Amino acid sequence: MALRLYHCHEARSMRSLWLINELQLDAEIITLSFGEALRSESYLNRHPLGRVPCLEDGEITLFESGAICEYLCETYDKAARLIRLPGDPERAEWLQWLHYAETICVHVASLTQQQIVIFDPALRSATVRKLETRRLEKAIEVLEAILQDREYMLKSGFSAVDTGIGYSLHAGGLFTDLSAFPAVQAYYHRLAERPAFQASLPAPDAENRIYTQANYWLEPA
Ligand SMILES: N[C@@H](CCC(=O)N[C@@H](CS)C(=O)NCC(=O)O)C(=O)O
């Protein structure tokens with residue numbers, strides 16, 4: 001088996017795992033706990049910052065989820081089902097949403113830090129939480145406008161960029177109420193019904209989860 005993905009439950013590596021499942025690729029999935037396991041010497045040799053995802057394909061090692069998405073599609077999506085190749089009228093949009101997924105996710109990461117990683121509440125900042133929640137909501141508003149006339153980020157239908165954006169909403173919905181964005185919420189539910197999405201979730205009794213609640217946005221500031 002040539003493909004190997006280093007993953008933590010519900011981290012950004014869920015994007016890569018979901019896409020591997022959509023493409024029905026044979027891959028070895030190494031699930032690490034979110035913490036010290038990412039700082040081992042052997043893992044730091046793969047990913048210099050000790051983060052996930054990290055994908056190995058033979059001699060190739062890649063550690064950005066957007067790049068992994070493009071690489072997997074270019075290499076293995078031979079029928080161009082989930083990619084829009086150069087020359088395709090939707091190519092520019094495909095690239096935009098591929099990277100916009102991270103624009104959303106930086107706010108999710110900051111809120112994860114504020115409400116989970118910084119363990120001592122006295123060290124958390126209500127101002128940062130408020131600011132990052134607002135910036136997350138503004139980023140989701142952009143999706144709400146786009147999704148008025150389509151079911152997926154591209155008018156032609158589901159593509160790999162929906163795994164990127166979909167993960168950002170999966171994690172983003174822990175920090176803001178998606179019901180304020182009806183088209184986005186319907187889109188997220190549509191994605192969550194996909195077997196490949198469900199196969200990328202941790203088992204209900206899985207340990208080492210980053211997120212242990214459904215609604216961090218309900219926690220008092
Ligand atoms: N832009 C990178 C971000 C990767 C990233 O920051 N991953 C987080 C999990 S969502 C991580 O591994 N954090 C561990 C740490 O910062 O120690 C990507 O999209 O792959």
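Our subject is the structure that appears above.
Everything in this summary refers to the structure shown in the same document.

Reading guide: rules and limits
Residues numbered from 1 in each chain as written. Predicted model: local features only at pLDDT ≥ 70, side-chain atom pairs only at ≥ 80, totals over all residues. Heavy atoms only, no water. Phe/Tyr/Trp six-rings, centres within 6.5 Å; stacked < 30°, edge-to-face > 60°. Helix = DSSP H or I, 4+ residues; strand = E, 2+ residues; numbered from the N terminus. Buried < 20%, exposed > 50% of the residue type's maximum accessible area, 1.4 Å probe, protein only. Right-handed = clockwise from strand over helix to strand, strands pointing away. Pairing = 2+ DSSP bridges. Near = heavy atom within 4 Å. Polar contact = N/O pair within 3.5 Å; in protein donor to acceptor, adjacent residues only side chain to side chain. Areas by Shrake-Rupley, 256 points an atom, 1.4 Å probe, with all protein chains shown as cover. 1 Å grid on protein atoms, 1.4 Å probe; cavity = no way out; pocket = protein on both sides within 12 Å on 5 of 7 lines; lining within 4 Å. Sits in = over half its atoms within 2 Å of the grid points. Nonpolar A, V, L, I, M, F, W, Y, C, P; charged D, E, K, R; others polar.

Considerations on the packing of aromatic side chains
The geometry of an aromatic ring pair is captured by the separation of the ring centres together with the interplanar angle, meaning the angle of the planes. One pass over the full model with this rule turns up nine aromatic pairs. Summarising the aromatic geometry, the rings of Tyr6 and Tyr43 are spaced 5.4 Å apart at their centres and angled 55° between planes, so their arrangement reads as tilted. Separated by 37 residues along the polypeptide, Tyr6 in strand β1 (residues 3-7) and Tyr43 in helix α2 (residues 41-46) bring together distant segments of the chain. With relative accessibility at 6%, the residue Tyr6 sits in the buried group.

Points about the pairing of β1
Judged by how many residues are buried, β1 sits mostly within the fold: four of five residues are covered. One crossover worth recording links β1 to the parallel strand β2 (residues 27-31) by way of helix α1 (residues 13-22), and it is right-handed. In this sheet, strand β3 (residues 54-57) lies alongside β1 in antiparallel orientation, the contact comprising four bridges. Each bridged residue has a counterpart across the sheet, and for Leu5 the counterpart in β3 is Leu55.

Quick notes on α1
Given 3.6 residues to a turn, an α-helix orients residues that are three or four positions apart in the same direction. Most of α1 is tucked away: nine of the 10 residues are buried. Regarding α1, the residues found buried are Ser13, Met14, Arg15, Ser16, Leu17, Trp18, Leu19, Ile20 and Glu22.

Focus on the site of the ligand
By nearness alone, every residue bordering the ligand is listed as Ala11, Arg12, Arg15, Phe34, Leu38, Arg39, Arg51, Val52, Pro53, Glu64, Ser65 and Glu102. For the ligand, an oxygen atom lies 3.3 Å from a polar atom in the side chain of Arg12. For the ligand, an oxygen atom lies 3.5 Å from a polar atom in the side chain of Arg51. If the ligand stood free it would expose 510 Å²; the protein chains cover 82% of that surface. Here the ligand occupies the largest pocket. Here the shell around the ligand is composed, by residue class, of five nonpolar, one polar and six charged.

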